[in-house]
2 protein chains.
Amino acid sequence: MAILYSYFRSSCAWRVRIALEFKEIEYEYKAVHLVKGGGQQNSDDYKIINPMAQVPSLIMGDKVFTQSIAILEYLEESYPLKPLLPKDVVKRFKVREICEIIASGIQPLQNLSVLKQFEESKQKDWAAKWIFKGLTALEKILETSSGNYCVGDDVTLADCCLIPQLYNARRFDVDVEQFPNIVRVEKNLEVLDPFVKAHPNRQPDFPLELAA
Amino acid sequence: MAILYSYFRSSCAWRVRIALEFKEIEYEYKAVHLVKGGGQQNSDDYKIINPMAQVPSLIMGDKVFTQSIAILEYLEESYPLKPLLPKDVVKRFKVREICEIIASGIQPLQNLSVLKQFEESKQKDWAAKWIFKGLTALEKILETSSGNYCVGDDVTLADCCLIPQLYNARRFDVDVEQFPNIVRVEKNLEVLDPFVKAHPNRQPDFPLELAA
């Protein structure tokens, strides 16, 4: 069975959890606490698995997979039965464009290791600035690309990336209601079974104190 | 004919230039000066093409393509004759893992719009820190993945990402000689025709004062 090294709140691990649930791939969840004791991801043992010291890492058979978008593409190619990419080559591009705006344009600038470089009082403004910029561009793209979901009416890799990023947007007090297409797509996605199951509050390492 | 909006030194535009040259796709070069007058990429006209206000943007027919990795994947799917992805699904993953370490793990943290947030005296240290972290992880991966190039003995999308990132590494005084596999692969790549042609100093907007 596959093993996923994850942290309940990591948006990159969350992307992969959605895809695993969508494709009905069973996996064992191994929690990597990104904060406790300076972060378990920084241990020498974990860095053998993941040299960037990040989650997620996915183990399948004797193979180790890191970097969430590369993992999503691998899952798509290896488990094509429930596709997360359209057949049309321009639509496939559009899905990947949205993924990259989130995975390169937003998330790296607001992830934990970057925020730790700033005083706590400045972290939220820094994160919110980049999230706002990225979501503004995404809203513009979704105006024409979206149907029920980010690209047309089928769930794609773009949706796997969008939902975790919106959770982060709210954590950093970005008003997502100003992006009507994004919010509409979110409402359609969040009720779907794979998205319900992959949510942070359903993960084994979700802290009880947050459940209150 | 295709149109590429580019800046000679942009590592993301450079990735796409290498792929266009490799696949022998002719294109017209349109320079977008990222610095002059606050950056031409921030004009309202350009943001209609590229809502993230970045280069590259690629126009083919009536379609607009933005985000470099998404563009590379599109070119690969649309012009498969000279492939930049291996056939084997695990090797394809490895190529994309390397691309993502560069495109999400390094480049976004040292790009111009981020560096502008810091005082000039702190910019180099900030950029060098993330480049060093990323190249350290890449060296570890290339220990096993590389042959003559990043993944085996064929040029791939990973190589299109590596070369521009090494140029940035040197700009920010990261000692790349400490990464023997990276430097060995670089030496093999930089003599290849598509890499020669795509180099910043061969672009129409390369400033004459830098040529001295």
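Residues numbered from 1 in each chain as written. Chains lettered and ligands numbered in written order. Predicted model: local features only at pLDDT ≥ 70, side-chain atom pairs only at ≥ 80, totals over all residues. Heavy atoms only, no water.

Under an unreviewed UniProt entry, chain A has the name Maleylacetoacetate isomerase and belongs to Daphnia galeata. Recorded under Pathway (unreviewed entry), the UniProt text for chain A is reproduced unchanged: "Amino-acid degradation; L-phenylalanine degradation; acetoacetate and fumarate from L-phenylalanine: step 5/6." Taken from UniProt, the Sequence similarities (unreviewed entry) comment for chain A reads in full: "Belongs to the GST superfamily. Zeta family." (UniProt positions renumbered as here; feature names shortened; annotations may be inferred.)

Structural notes on the relation of the copies chain A and chain B
When chain A is fitted to chain B, the best match, at an RMSD of 0.0 Å, comes from turning it 180° and sliding it 0.0 Å along the axis. Considering both components of the superposition, the chain copies are consistent with a two-fold axis. By C-alpha distance to the rotation axis, the residue of chain A lying nearest is Ser104 of chain A, at 2.2 Å. When the interface residues of chain A are mapped onto chain B, 100% of them are again interface residues, pointing to one common binding face. (Least-squares fit on C-alpha atoms with pLDDT ≥ 70 in both. Contact = heavy atoms within 4.5 Å.)

Quick word on the interface of chain A and chain B
Counting residues at the interface gives 41 residues for chain A, matched by 41 residues for chain B. Taken together, the two surfaces of chain A and chain B that pack against each other cover about 3,600 Å², and 66% of this comes from carbon and sulfur. Considering only the side of chain A, the residues that lose the most area to chain B are Met52, Phe93 and Glu100 of chain A, jointly responsible for 18% of the buried surface there. Inspection of the region where chain A meets chain B yields 6 salt bridges. Inspection of the chain A/chain B interface yields 17 residue pairs in polar contact (both at pLDDT 80 or more). Within the residue set of the side of chain A that touches chain B, elements represented by two or more residues are strand E4 (63-66), helix H3 (68-78), helix H4 (89-106), helix H5 (112-115) and helix H6 (120-145) of chain A. Here the side of chain A that touches chain B gets 11 residues from one element, more than from any other, and that element is H4 of chain A. Considering only residue class, the side of chain A that touches chain B consists of 21 nonpolar, 10 polar and 10 charged. (Buried area = accessible area lost by both parts, 1.4 Å probe. Salt bridge = Lys/Arg side-chain N within 4 Å of Asp/Glu carboxyl O. Polar contact = N/O pair within 3.5 Å; in protein donor to acceptor, adjacent residues only side chain to side chain. Helix = DSSP H or I, 4+ residues; strand = E, 2+ residues; numbered from the N terminus. Nonpolar A, V, L, I, M, F, W, Y, C, P; charged D, E, K, R; others polar.)

Remarks on the packing of helix H1 (residues 11-22) of chain B against helix H3 (residues 68-78) of chain B
All names here are of chain B. Between H1 and H3, the shortest axis-to-axis distance is 9 Å and the interhelical angle comes to 10°. The angle between the axes of H1 and H3 places the two elements in the roughly parallel class. Listed contacts from H3 to Cys12, Arg15, Val16, Ala19 and Leu20 of H1 are Ser68, Ile69, Ile71, Leu72 and Leu75. Classifying every residue of the contact of H1 with H3 by side-chain character gives 8 nonpolar, 1 polar and 1 charged. (Axes fitted to C-alpha atoms, helices over the stretch in contact; angles between N-to-C directions. Parallel < 35°, antiparallel > 145°, perpendicular 65-115°, else oblique.)

Brief notes about the environment of Ala70 of chain A
Tracing the sequence through the fold places Ala70 of chain A in helix H3. Leave out the neighbours within four places in its chain, and Ala70 of chain A touches Phe93, Arg96, Glu97 and Glu100 of chain B.

Examining the environment of Cys161 of chain A
Residue and element names in this part refer to chain A. Residue position: Cys161 is located in helix H7 (residues 157-171). A relative accessible area of 1% places Cys161 in the buried class. Distance from Cys161 to Ser11, taken between C-alpha atoms, is 7.8 Å for residues 150 residues apart in sequence. Leaving out residues up to four positions away in the same chain, Cys161 has contacts with Arg15, Ile69, Leu72, Cys99 and Ile102. (Buried < 20%, exposed > 50% of the residue type's maximum accessible area, 1.4 Å probe, protein only.)

A look at the packing of H6 of chain A against H7 of chain A
All names here are of chain A. Interaxial distance between H6 and H7 falls to 9 Å at its minimum, and their mutual angle equals 140°. Classed by the angle they form, the pair H6 and H7 counts as oblique. Where H6 crosses over H7, the handedness of that crossing is left-handed. Two secondary-structure elements touch here, H6 through Lys124, Ile131, Leu135 and Leu138 and H7 through Leu162, Gln165, Leu166, Asn168, Ala169 and Arg171. Split into classes, the residues belonging to the contact of H6 with H7 amount to 6 nonpolar, 2 polar and 2 charged. (Left-handed = near helix turned anticlockwise from the far one by under 90°.)

Structural notes on the sheet that holds E4 of chain A
Residues and elements named next belong to chain A. Pairing within the open sheet is mixed, and its 4 strands lie in the order E2-E1-E3-E4. Only two strands of the sheet have a single partner each, and these edge strands are strand E2 (27-31) and E4. With direction set aside, neighbouring strand axes in the sheet form an average angle of 20°. As paired strands, strand E3 (residues 57-60) and E4 are joined by 4 bridges and run antiparallel to one another. (Pairing = 2+ DSSP bridges.)

Points about the pattern of salt bridges
A complete count under the given rule lists 24 salt bridges over all chains for this structure. The shortest N-O distance in the salt bridge between Arg96 of chain A and Glu77 of chain B comes to 3.1 Å. Taken as a pair, Arg96 of chain A in helix H4 and Glu77 of chain B in helix H3 lie in two separate chains rather than in one. Judged by its relative accessible area of 6%, Arg96 of chain A falls in the buried class. We note a salt bridge from Lys124 of chain B to Asp173 of chain B, for which the minimum N-O separation is 2.9 Å. Taken together, the residues Lys124 of chain B in helix H6 (residues 120-145) and Asp173 of chain B in the loop between helix H7 (157-171) and helix H8 (180-190) connect sequence positions 49 residues apart. Accessibility expressed as a relative area gives 55% for Asp173 of chain B, which makes it exposed. Look at the salt bridges and you will find they share partners, linking Glu73, Glu77, Arg92 and Arg96 of chain A together with Glu73, Glu77, Arg92 and Arg96 of chain B into a network.

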